[in-house]
Amino acid sequence: MRPERYDFAAAEPKWREIWEERQAFACGDPQKPKYYVLEMFPYPSGRIHVGHVRNYSMGDVIARYKRAKGFDVLHPMGWDAFGLPAENAAQQSGSHPATWTYANIASMRTQLKSMGLSLDWSREIATCDPAYYKHQQKLFLDFLVHGLVDRKQSKVNWDPVDQTVLANEQVVDGRGWRSGALVEQRELTQWFLRIGKYADDLLASLDTLERWPEKVRLMQRNWIGRSEGLLVRFALAGDPAGEIEVFTTRPDTLFGAKFVALAPDHPLARKAASSDPALAAFAEECRHIGTSVAAIETAEKKGYDTGLKVVHPFDPSWTLPVYVANFILMDYGTGAIFGCPAHDQRDLDFSRAYGLGATPVVCPEGVDPSTLVIGETAFDGEGRLVNSRFLDGLTVAEAKEEAAKRLETAQLHGRPQGERKINYKLRDWGISRQRYWGCPIPIIHCPDCGVVPVPDADLPVKLPEDVSFDRPGNPLDHHPTWKHVACPKCGAAARRETDTMDTFVDSSWYYARFADPHNAAAPADPEQLARWLPVDQYIGGIEHAILHLLYSRFFSRAMRDSGHGGHGGVAEPFAGLFTQGMVVHETYRAASGKWIAPTELRFETSETGRRAFLIETGEEAEIGSIEKMSKSKRNTVDPDDIIASYGADTARLFVLSDSPPDRDVVWTEEGVQGASRFVHRVWRLTGELANVSAPLGASAPAEFGAAALDIRKATHRAIAAVGDTIERLRFNTAIARIREFANELTSALDKIETTPVDADLAFAFREAAETLALLIAPMTPHVAEECWRDLGHAEPIVATPWPVADAALVAQETIVLPVQVNGKKRAEIVVAHDASEAVIREEALSQEGVVRAMEGKPLKKFILVPKRIVNVVV
RNA sequence: GCGGGCGUGGCGGAAUUGGUAGACGCAGCGGACUCAAAAUCCGCCAUCCUCACGGAUAUGUCGGUUCGACUCCGACCGCCCGCACCA
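Residues numbered from 1 in each chain as written. Chains lettered and ligands numbered in written order. Predicted model: local features only at pLDDT ≥ 70, side-chain atom pairs only at ≥ 80, totals over all residues. Heavy atoms only, no water.

A. The sheet that holds strand 21 (residues 429-430), seen in detail. Taken together, 4 strands build an open sheet; the order of strands is 6-5-9-21 and the sheet is antiparallel. Here the strands that pair on one side only, and so sit at the sheet edges, are strand 6 (164-166) and strand 21. The pairing of strand 5 (residues 149-159) with strand 6 spans 3 bridges and is classified as antiparallel. Across the sheet, W158 pairs through a bridge with V165, a residue of strand 6. (Pairing = 2+ DSSP bridges. Helix = DSSP H or I, 4+ residues; strand = E, 2+ residues; numbered from the N terminus.)

B. Structural detail: the sheet that holds strand 37 (residues 824-832). Strand order in the open sheet formed by 4 strands is 37-36-39-38, with mixed pairing between adjacent strands. Bordering the open sheet on either side are strand 37 and strand 38 (861-865), each of which pairs with just one other strand. This sheet shows a mean twist of 20° between the axes of neighbouring strands, independent of strand direction. Here 5 bridges tie strand 38 to strand 39 (residues 869-873), and the two strands are oriented antiparallel to one another. By the bridge assignment, K861 is partnered in strand 39 with V873. Packing of helix 26 (residues 837-845) onto the sheet brings it into contact with strand 36 (814-821), strand 37, strand 38 and strand 39, and relative to strand 38 it is tilted by some 115°. (Axes fitted to C-alpha atoms, helices over the stretch in contact; angles between N-to-C directions. Contact = heavy atoms within 4.5 Å.)

C. Structural view of unusual backbone geometry. Going from L459 to P460, the amide bond is cis rather than trans, its omega being 0°. Positive phi values are uncommon outside glycine, yet R389 reaches one of about 50°. Tracing the chain through its elements places R389 in the loop between strand 17 (384-385) and helix 12 (396-409). For R389, a relative accessible area of 47% corresponds to the partly exposed category. (Buried < 20%, exposed > 50% of the residue type's maximum accessible area, 1.4 Å probe, protein only.)

D. Geometry of the pattern of salt bridges. Within the structure shown, the criterion is met by 46 salt bridges. One salt bridge in this structure joins R47 and D640, with 2.7 Å as the shortest N-O distance. Here R47, found in the loop between strand 1 (34-39) and helix 2 (50-68), pairs with D640, found in helix 18 (residues 639-646); they are 593 residues apart in sequence, far enough to count as distant. Residues D502 and R433 are paired through a salt bridge, measuring 3.1 Å at the closest nitrogen-oxygen approach. With a gap of 69 residues between them, D502 in the loop between strand 27 (500-501) and helix 14 (503-506) and R433 in strand 22 (residues 432-433) connect regions that are remote in the sequence. (Salt bridge = Lys/Arg side-chain N within 4 Å of Asp/Glu carboxyl O.)

E. Just the protein's contact with RNA strand B, in detail. Taken together, 62 residues surround RNA strand B, and among them A167, T298, K425, E740 and N871 come closest. Restricting attention to atoms of RNA strand B within 4 Å of the protein, one finds that 64% of them are sugar or phosphate atoms. One nitrogen or oxygen atom from the side chain of Q190 is found 3.1 Å from a base nitrogen belonging to RNA strand B. For RNA strand B, a sugar or linking oxygen lies 3.2 Å from a polar atom in the side chain of R684. Ranked by the residues each element gives to the surface near RNA strand B, the list is headed by helix 22 (residues 731-750), at 8 residues. (Near = heavy atom within 4 Å. Polar contact = N/O pair within 3.5 Å; in protein donor to acceptor, adjacent residues only side chain to side chain.)

As structure tokens, this is what we get:
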């Protein structure tokens, strides 16, 4: 006998055990087509948050659905386990980063398991495991051999007090976030991965990624930032050999040039600064802004006149002043620009600050050039050239071409004065980090041999365990012995590279490692890579739209080109990408301004609205805006609490319901209760259906009455709709369709007149009950298994195929057609699905509402959109 | 600064991708069951006019294309996200 109420606390762990015993989620049936579903692996911060619950629930729906559809599904989990928080924890609490990280992994693993995810835990990896990073070091060395690694100087934000490099986000108003010290820019010699080598391929291949969101592709396109332009060399006035090379995409506007500007770190700017203390001070001031593009570009435009002049390339008698300016980036182009204030907003802002003027040289069509005045806004649109001598009258495109041609043939210092150049915003990827908790860069610096790779036999270069974090700087550098080694080439005393790799490197190839996670000899066996890659569906946050995804795309190419196997013949690691939204929550504040956690509050709903009171004191708290969950605002909810009070199925159902998966979802207690109600309702409904259902395995009767046929139609329409919405990753609508189906079954039960019911109805009820369990299983797997077993099945749902919709039952033989008059709906008609236009026309025009709306006016046009709508135009 | 996204009832959202705007849920209101409450079940629920039938207005704002626009185009307003050492 069934209990009164669904006991999730007993049922959920029971089913998880059964799945585990059966190893239901291990892959490896080569007869089946493969399907690789991957969610971005978590950083082991210690606790999972609701965002994880949402991310992994989505992936799990796909994994369970695809498994039921007959695919050999790879659905693994691992840990992005290197990174700064472990070192911060070590500084604050004294626990070793490894201890801290592995303890966090253990508790998060337990939490994830309590969600009932269909993961293959035998493939678990952690990036901080030497068994993982050993291969990463090997990849780095192979990249080095294949010319994909570079070593060069680069600027960093340096905190002189903490003796550490700062991330851009750690620079607040030009000061270090902890020390408050003025941030300096320092040049460090760093390792780079030459992602730029693949810029064109990375850009062009975006077009092949049809199952990626268009916005992510666009963001990557802009990030790569391919632009065609011209390198133009300006002669320095009064210096026979001197010149400044600028990159421009607008050579057409050269006659509007008012100045040339250099980045503060431009070699010429440095040279000028060496004899001009005021300039040196200005350059130093610029360096305090930090290295982030956002900070540099939003800072007020400032410059310093070097006193130097350059000669205009088209007129030897025309000179332009040379400024050093704070908005010119040394990393882009040549670190120097010519400024045309009339047609570039930044140049205009700068020109207005220093009184350099603005001569318009492009005039929009239909505007009289003599009336053309540049006010506060630069004009960057199309038009024809004016005030530009030989370019006058040309279009922008023609003028670009003409200017380029002339400069290519002109000579300066024995070389062409202009050169066409394709420039990319994409910079090579600096991976050196002056930190302990990361993958050591396997390089030895020998005073005689220079840079020497660590021999394969000595990999992995392991992190030393006995490190301290009690003084500023890199613990690897401070370690008494670790960095001292003999040169592998000459045996002389040498020094290890003490920088570790950016953690983005760790996450750039983990998807490939999952294909063969325990391979000791190689990152992964090429055959396994060919079997599993690319990832069919990748799911994660939009915040990774650019860097992580671009770096992974680089790695798949670099691995292919350095002998680590193609990814099944394709360069792209992720065939399908889905970016899910955040989970957000209301915020609460006490009168004191202190943030209050939702668990500390009691809520009251009255006619005047919702109010919140502190449980402890009764004091009223202000209900604030809905924001991203964060510890500082204390508006987080703990998945453990939810799972303990409502069960994993409820938590999963809630994060999938209501909001479309790519949008933010607001976490509300009411919503969770609604999800919980539905979980219990499905269970009760199944019990009621079971009471009137045919026995397990009963064959279909020859004929069905109207009532039974209606139920079967609802069942098969639900199968079709739910399958379709899951395929389209519209989980919220999939759940709405299941709820609709449940509503239909509830009213069908209400209509039963006599029991026991006839055989046709009994068959339809069994089919419906089984379908309900099968359809909801990807979202709420535990309760689905419980219902399935209550319907008499010995084998669990995880071993049961997805139901197949009967097309004959899904098809409608009559359809409802709305009838519009002049675009406004006035009536509905019911017609056979194959009714002729003449029949429909007669039926439509005879409707009372239609006749009234036509007001006796003559029919002008009769529009019939088959199976959609009728529009009568009068 | 540059780039990207979003905007529909009291709330989250749906709309077969140019064809009935508001599916499904949350909240609310009314009812059944109960000694009572909880749970559950049934019904109502965009706004305005109308007893009702019915009608008018509605998808951030303004304009355009179309027989027909939440959907396409243009301008504007508001909010959110990313910008290379956070992961």
